Amino acid sequence: MVTSGAVGVGRQRLRYRKLVNSSFADLQKPQMELDGKACAAVGQSGLMALYDMLFTQLDVSSSQLLVTDSDFDNSNFRERLRETVESLLELRVIPIFNENDAISTRKAPYEDSSGIFWDNDSLAGLLALELKADLLVLLSDVDGLYSGPPSEPSSKLIHTYIKEKHYHEITFGDKSRVGRGGMTAKVQAAVWASTGGVPVVITSGCASQSLVKVLRGEKIGTLFHKNASLWEPSKDTSVREMAVAARDCSRRLQNLTSEERKKILVDVADALEANEDLIRSENEADLAAAHEAGYESALVSRLTLKPGKIASLAKSVRTLANMEDPINEILKRTEVSAYI
């Protein structure tokens, strides 16, 4: 878990202490801005006390790991980091990461965007890659990545980010008043991590059960995946274009050998079985969308994948592959009389 807030907690504490220890005359003078690094040093204990209190209610232990940008230049540090996190997870302890702003070489918290990581989103992406995470979830105050500022009615939620399609189409709104990047930083971190092989979901941290829904495979937020461009066409295809493409593929299949066509069918059957969990997950998302749209129960029933359906389909495809190939075989010949 990567978190932030130490600077804010520390600033609140220091302002309170300054208020308590100030005279009325002192309060009439211009107030100097508190040093961000001092705020971070004071706020770390308060931030962890909050997490300890929350996780203790679930009978879960938490731990704090503070890192700086320069730490990741050291290969020995990175190796020790992986070992420590693995050890904590084996003990069922949640590691909570934060940049150590108190001793960071950055000019000031929230202002300097240089280095190997530049905010908590990029730190999360870096850690996901270093620790070879199965999934990275970046929480936001909106439901995911929109095509424009979420407040605009014309903006639509993007369920799967495809760089080639969306990179030049998205218009970002103003960034958060705290932090260094807002949604722009989250997208950069998500692209970075997903390109390295870690799937990423950006979703709301304010909505109930968001993490549970992500782990269940429900269609919420915005998914980033290195193979996302292979999952949907790069442009809308008309019915005529699909029919022409199907006819063209038919001709190309005719020119293959019988063994090549058989291998294609066997590969299809293997792919169905290998991707059964993914197919069922997508079917569940389709069913949820159908229920939400108010489709009739008969239509929803036809859409539902029954138990054993994938195995039955794979078996049927293999049966088809093992049948005698009828292509280029003459089944019947008829000679028609010619009239002059």
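Here's what I pulled together on the structure shown here. Keep in mind the model is a prediction, meaning the values are calculated, not measured. (Residues numbered from 1 in each chain as written. Predicted model: local features only at pLDDT ≥ 70, side-chain atom pairs only at ≥ 80, totals over all residues. Heavy atoms only, no water.)

Attention now moves to the pattern of salt bridges. Applying the stated criterion across every chain yields a total of 12 salt bridges. With a shortest N-O distance of 2.6 Å, Asp270 and Arg318 are connected by a salt bridge. Here Arg318 lies in helix 13 (residues 309–322) and Asp270 lies in helix 10 (residues 258–274), a separation of 48 residues in the sequence. Given the relative accessible area of 36%, Asp270 is considered partly exposed. What emerges from the salt-bridge pattern is a single network uniting Arg78, Arg82 and Glu130. (Salt bridge = Lys/Arg side-chain N within 4 Å of Asp/Glu carboxyl O. Helix = DSSP H or I, 4+ residues; strand = E, 2+ residues; numbered from the N terminus. Buried < 20%, exposed > 50% of the residue type's maximum accessible area, 1.4 Å probe, protein only.)

This part covers the packing of helix 10 against helix 13. Between helix 10 and helix 13, whose axes approach to 9 Å, the crossing angle comes to 170°. Our classification of the angle between helix 10 and helix 13 gives roughly antiparallel. Taking contact as the criterion, the partners of Lys262, Leu265, Val266, Val268, Ala269, Asp270, Leu272 and Glu273 in helix 10 are, on helix 13, Ile310, Leu313, Ala314, Val317, Arg318, Leu320, Ala321 and Asn322. Classifying every residue of the contact of helix 10 with helix 13 by side-chain character gives 11 nonpolar, 1 polar and 4 charged. (Axes fitted to C-alpha atoms, helices over the stretch in contact; angles between N-to-C directions. Parallel < 35°, antiparallel > 145°, perpendicular 65-115°, else oblique. Contact = heavy atoms within 4.5 Å. Nonpolar A, V, L, I, M, F, W, Y, C, P; charged D, E, K, R; others polar.)

Summarising the element assignment, Ala190 is placed in helix 7 (residues 182–195). Look past the residues within four positions of Ala190 in its chain and what remains in contact with it is Leu138, Val200, Ile202 and Phe224.

Our focus in this paragraph is the packing of aromatic side chains. If you walk through the whole model with that rule in mind, you get 4 aromatic pairs. Judged by centre distance (4.7 Å) and plane angle (25°), the ring pair of Tyr161 and Phe224 falls under stacked. Taken together, the positions of Tyr161 in strand 4 (residues 160–161) and Phe224 in strand 6 (residues 222–224) put the pair 63 residues apart, joining distant regions of the chain. Overall, Phe224 belongs to the buried group, its relative accessible area being 1%. An aromatic cluster is defined as three or more aromatic residues linked by ring pairs; in this entry it consists of Phe72, Phe77 and Phe117. (Phe/Tyr/Trp six-rings, centres within 6.5 Å; stacked < 30°, edge-to-face > 60°.)

The next thing to look at is the packing of helix 5 (residues 120–130) against helix 7. Taken N-terminus to C-terminus, the directions of helix 5 and helix 7 make an angle of 10°; their axes are 8 Å apart at the nearest point. Our classification of the angle between helix 5 and helix 7 gives roughly parallel. Crossing hand, helix 5 versus helix 7: right-handed. Across from Asp121, Ser122, Gly125, Leu126 and Leu129 in helix 5, the residues of helix 7 making contact are Gly182, Ala185, Lys186, Ala189, Trp192 and Ala193. Across the contact of helix 5 with helix 7, the residue classes tally to 6 nonpolar, 3 polar and 2 charged. (Left-handed = near helix turned anticlockwise from the far one by under 90°.)

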